[in-house]
Amino acid sequence: MRVAIDVSPLRQSRAGTARYLRALLPELERLVDVEPLAWGGARKVATVARDVWWYPLALPRRARTADVLHCPSFRGPVFSRVPLVVTVHDVGVLRRPAAFNRWTRVYSRFFVPRVVRAADRVIAVSEFTKRELVDVIGVREERVRVVPNGVGKPFVADGERAQGDYVLAVGTVEPRKNLPRLAEAARVAGVELRIAGARGWGDVRVNGDGVRFLGFVPDEELASLYRGALCFAYPSLYEGFGIPVLEALACGAPVVTSTATAMAEVADGAAVLVDPTDSVAIAAGIEEAIRRRDELAPLGPKRAAAFSWRFAAEATASVYRELA
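Residues numbered from 1 in each chain as written. Predicted model: local features only at pLDDT ≥ 70, side-chain atom pairs only at ≥ 80, totals over all residues. Heavy atoms only, no water.

**Here we look at a nonpolar patch on the surface**
And step 1. Residues W39, V52, W53, L57, W103 and V106 make up a contiguous nonpolar surface patch of roughly 510 Å² in combined accessible area.
And step 2. At the level of secondary structure, the elements contributing two or more residues to the nonpolar patch comprise α3 (44-62) and α5 (102-118).
And step 3. Of the residues forming the nonpolar patch, the biggest block, 3 residues, is contributed by α3.
And step 4. Structurally, the position occupied by V106 is in helix α5. (Patch = residues over 30% accessible without salt bridge, like charges linked within 9 Å, V, L, I, M, F, W, Y side chains within 5 Å. Areas by Shrake-Rupley, 256 points an atom, 1.4 Å probe, with all protein chains shown as cover. Salt bridge = Lys/Arg side-chain N within 4 Å of Asp/Glu carboxyl O. Helix = DSSP H or I, 4+ residues; strand = E, 2+ residues; numbered from the N terminus.)

Structure (structure tokens):
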């Protein structure tokens, strides 16, 4: 079976969908004949050109001889001559449009519902995201398959640990990551906050003492930061999965995350859950996670063991086979 996969996100970023692709593709290549398709670079003009030309016109033409076309995000064609699979990581842009830049809001309002409805099968990365697809876009449940993300090396509990007493946050610096509240919570709890992640869009200000921006961090160093942290804090306002939560659990870090959206589903009792809109509640969660470190640390790897990229690839290939 030959599967055309849009790998354009790998040219745009190292986070989000690109992280999903980098982990999933090597496992998929063991199972199917993958034909990677891509166009353009990382500049803003290329992003717009992809949205208005590559996805609706050029990509379906390039994929016309494949058995299946897989778009790893909701950017894709509204018509395809070959069976179309679309992975949806979240519908935050429709739920919380103010948390996204103007072009993404404009594009998504018009195209996302059409692309998702055009897909023969939709892969949701969590049960939460499946419910959102049904509630927000009106996708029929029988067309959705839940295939969770995975985790693997170097995100394991054994290994080097970064030095210092700090709370770790990981993710692209953008409004929905809720970093100003987290920084305030860290100050209330009296601990240093280290933030690992590239700067995204939006004027996100995290000022004051006790905050250290690390920028983009390679995976080996990131795993060391997870293992060395007093706790990992991820009070995001909206996520369809939350891969950093899973990585932190796998590394044995006590985790503090949001009661909202998908994070409670991913953690499944192995994390401290807090109201992400309340910095005092986040501070209390940080203090609780540090206090319960010996209890929480072994729960994380046990929970993370339920997720792997090999399983994700096998389940994804099963979706292809339904159509081909």
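**Structural notes on the packing of helix α2 (residues 17-28) against helix α14 (residues 309-323)**
And step 1. Relative to each other, α2 and α14 sit at 70°, their axes nearing to 9 Å. With respect to each other, α2 and α14 are oriented roughly perpendicular. Facing α2, whose interface residues are Y20, A23, L24, E27 and L28, α14 presents W309, R310, A312, A313, T316, A317 and Y320.
And step 2. Tallied by class, the residues present in the contact of α2 with α14 amount to 9 nonpolar, 1 polar and 2 charged. (Axes fitted to C-alpha atoms, helices over the stretch in contact; angles between N-to-C directions. Parallel < 35°, antiparallel > 145°, perpendicular 65-115°, else oblique. Contact = heavy atoms within 4.5 Å. Nonpolar A, V, L, I, M, F, W, Y, C, P; charged D, E, K, R; others polar.)

**Quick word on the pattern of salt bridges**
And step 1. All told, the structure shown has 19 salt bridges when counted by the stated rule.
And step 2. Between E132 and R95 there is a salt bridge, and its shortest N-O distance comes to 2.9 Å. Separated by 37 residues along the polypeptide, E132 in helix α6 (residues 127-137) and R95 in helix α4 (residues 92-95) bring together distant segments of the chain.
And step 3. The exposure class assigned to R95 is partly exposed, which follows from its relative accessible area of 45%.
And step 4. Among the ionic contacts, a cluster of salt bridges with common partners joins R19, D219 and E247. (Buried < 20%, exposed > 50% of the residue type's maximum accessible area, 1.4 Å probe, protein only.)

Limitation: the analysis is restricted to geometry and does not speak to function.
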